[in-house]
Amino acid sequence: ATRRLVHVHSTELDGVPHALCAYHGRLLCGVERTLRIYDVGKKRLLRKCENRTFPTQIVSLHVRGQRIVVGDAAESLHMVAYRRDENQLVVFADDPAPRWLTASCVVDYDTLAGGDKFGNVYAVRLGEAASRECD
């Protein structure tokens, strides 16, 4: 038995995808400045939801529990919640300082780390009260 990946299908998008991440059995996709959730269909990806409010270009995606962390090329990090009942992706927190993001990760449920193009590594944290309110 050969161990190969089998091409299932391709889906043409209206922009370039710069970040992909699994999200509870679905696909999160950062296409230019738009965050989307797709289901994997039999013939193509099925667009379920999107948020077009990100400032420049989505370059990273991370998931921790129900939270989605979106890295924007010039505006640092944003925390997003998917509201299933309303089928909406809602930004509930972001870094107040604009930073040219080159790398990012989730340190713990409320803490994020990023690197910028000027050689800095930084951490940002959602406060306890805000964290409880968002969950």
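Coordinates for the structure precede this section.
Residues numbered from 1 in each chain as written. Predicted model: local features only at pLDDT ≥ 70, side-chain atom pairs only at ≥ 80, totals over all residues. Heavy atoms only, no water.

Visitor: Summarise the side chain of Ser 131; cite the residues concerned and give the values.
Guide: You can see Ser 131 is positioned in helix α1 (residues 128–134). The buried category is assigned to Ser 131, whose relative accessible area is 7%. Separated by 2.7 Å, the side chains of Ser 131 and Asp 110 make a polar contact. Sequence-distant contacts of Ser 131, that is, excluding residues within four places in its chain, are made with Arg 67, Tyr 109, Asp 110 and Leu 126. (Helix = DSSP H or I, 4+ residues; strand = E, 2+ residues; numbered from the N terminus. Buried < 20%, exposed > 50% of the residue type's maximum accessible area, 1.4 Å probe, protein only. Polar contact = N/O pair within 3.5 Å; in protein donor to acceptor, adjacent residues only side chain to side chain. Contact = heavy atoms within 4.5 Å.)

Visitor: Lay out the pattern of salt bridges with the relevant residues and their values.
Guide: This model, assessed by the stated rule, comprises eleven salt bridges. A salt bridge links Arg 36 to Glu 50, with the nearest nitrogen and oxygen atoms 2.8 Å apart. With Arg 36 in strand β3 (residues 34–40) and Glu 50 in strand β4 (residues 45–51), the pair connects residues that are 14 residues apart, well separated along the chain. Judged by relative accessible area, Arg 36 falls into the buried class, the value being 1%. Overall, the relative accessible area of 28% leaves Glu 50 in the partly exposed class. For Arg 83, the salt bridge goes to Glu 86, with nearest N and O atoms at 3.9 Å. A relative accessible area of 42% means that Arg 83 is categorised as partly exposed. Taking relative accessible area as the criterion, Glu 86 reaches 46% and is therefore assigned partly exposed. Here the residues in one salt-bridge network are Asp 14, Arg 36, Arg 47, Glu 50 and Arg 52, joined through shared partners. (Salt bridge = Lys/Arg side-chain N within 4 Å of Asp/Glu carboxyl O.)

Visitor: So what's going on with the sheet that holds strand β10 (residues 111–116)? Which residues, and what values?
Guide: Overall, antiparallel pairing links the three strands, which are arranged β9-β10-β11 in an open sheet. Taken across any chain shown, the strands that pair with only one partner, and hence form the sheet edges, are β9 (101–108) and β11 (121–125). Each strand axis lies, on average, 25° off the axis of its neighbour in the sheet, ignoring direction. As paired elements, β9 and β10 share six bridges and run antiparallel to each other. The residue bridging Ala 103 from the neighbouring strand is Gly 115, located in β10. (Pairing = 2+ DSSP bridges. Axes fitted to C-alpha atoms, helices over the stretch in contact; angles between N-to-C directions.)

Visitor: An account of unusual backbone geometry is requested, with residue identities and associated values reported.
Guide: Positioned with a positive phi, Ser 76 is a non-glycine residue whose angle comes to about 65°. Checked against the element boundaries, Ser 76 lands in strand β7 (residues 76–83). Take Ser 76: its relative accessible area is 0%, and that puts it in the buried class. One non-glycine residue with positive phi stands out, namely Asn 87, at about 55°. Here Asn 87 is to be found in the loop between β7 and β8 (88–94).

Visitor: Describe the pairing of β3, naming the residues involved and giving the relevant values.
Guide: With five of seven residues buried, β3 is to be regarded as a mostly interior element. Linking two consecutive strands that pair antiparallel, namely strand β2 (residues 26–31) and β3, is a turn of two residues; a positive phi of about 55° is found at Glu 32 within it. Taken together, β3 and the strand that follows it, β4, pair antiparallel across an intervening segment of four residues.

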